[in-house]
Amino acid sequence: MSNARILVVDDEPFNLEILEELLSENYQEIVFAKDGFECLEKIGEFNPDLVLLDVSMPLMDGYQCCKKIKENPLYENLPVIFISAR
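A quick note: this is a predicted structure, and the numbers were derived from the prediction, not measured.

Caption draft 1: Layout of the nonpolar core. Core analysis: the biggest nonpolar cluster contains 16 residues, and Leu7, Val9, Cys39, Ile43, Val51, Leu53 and Ile69 have the highest contact counts within it. Only strand 1 (5-9), helix 2 (36-46), strand 3 (50-54) and helix 3 (62-71) provide two or more residues apiece to this core. Setting aside its immediate chain neighbours within four residues, isoleucine 69 contacts Cys39, Leu40, Ile43, Tyr75 and Leu78. Counting ten residues, the second-largest nonpolar core is a separate cluster that includes Ala4, Leu19, Leu23 and Leu50.

Structure below.
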């Protein structure tokens with residue numbers, strides 16, 4: 001899965017830096033979003049194979065964002081992995 005397209009969603013810049021460092025060693029196509037709204041925007045543009053989604057975000061948390069993703073028939077089978085610093 002080294003050519004996987006990964007969308008990483010987290011509101012903490014430090015967490016995004018760490019995830020970028022970890023993932024960039026093995027994956028070439030990584031896109032980042034800072035919140036659930038940006039995730040929903042970018043998901044259609046990027047068409048990821050996997051979403052790494054922070055649980056705790058303001059405005060729209062990870063659970064709400066995941067629900068919105070899965071409501072779209074195009075993404076109902078898209079793997080979403082929840083991440084949390086807690």
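Caption draft 2: Representation of the sheet that holds strand 1. If you trace the four strands from one edge of the open sheet to the other, you get 2-1-3-4, paired in parallel fashion. Each edge of the open sheet is held by one strand with a lone partner, namely strand 2 (29-33) and strand 4 (80-83). Across the sheet, the mean angle separating the axes of adjacent strands is 20° when strand polarity is ignored. Of the strand pairs in this sheet, strand 3 and strand 4 are connected by four bridges, and their pairing is parallel. Each residue of the ladder has a partner; that of leucine 52, found in strand 4, is isoleucine 81. Sitting on the sheet, helix 1 (residues 13-24) touches strand 1, strand 2, strand 3 and strand 4, and the angle it makes with strand 2 is about 170°. Its contacts with the sheet put helix 3 on strand 3 and strand 4, and the angle it makes with strand 4 is roughly 175°.

Conventions used here
Residues numbered from 1 in each chain as written. Predicted model: local features only at pLDDT ≥ 70, side-chain atom pairs only at ≥ 80, totals over all residues. Heavy atoms only, no water. Core = buried A, V, L, I, M, F, W, Y, C linked by side-chain atoms within 4.5 Å. Buried < 20%, exposed > 50% of the residue type's maximum accessible area, 1.4 Å probe, protein only. Helix = DSSP H or I, 4+ residues; strand = E, 2+ residues; numbered from the N terminus. Contact = heavy atoms within 4.5 Å. Pairing = 2+ DSSP bridges. Axes fitted to C-alpha atoms, helices over the stretch in contact; angles between N-to-C directions.

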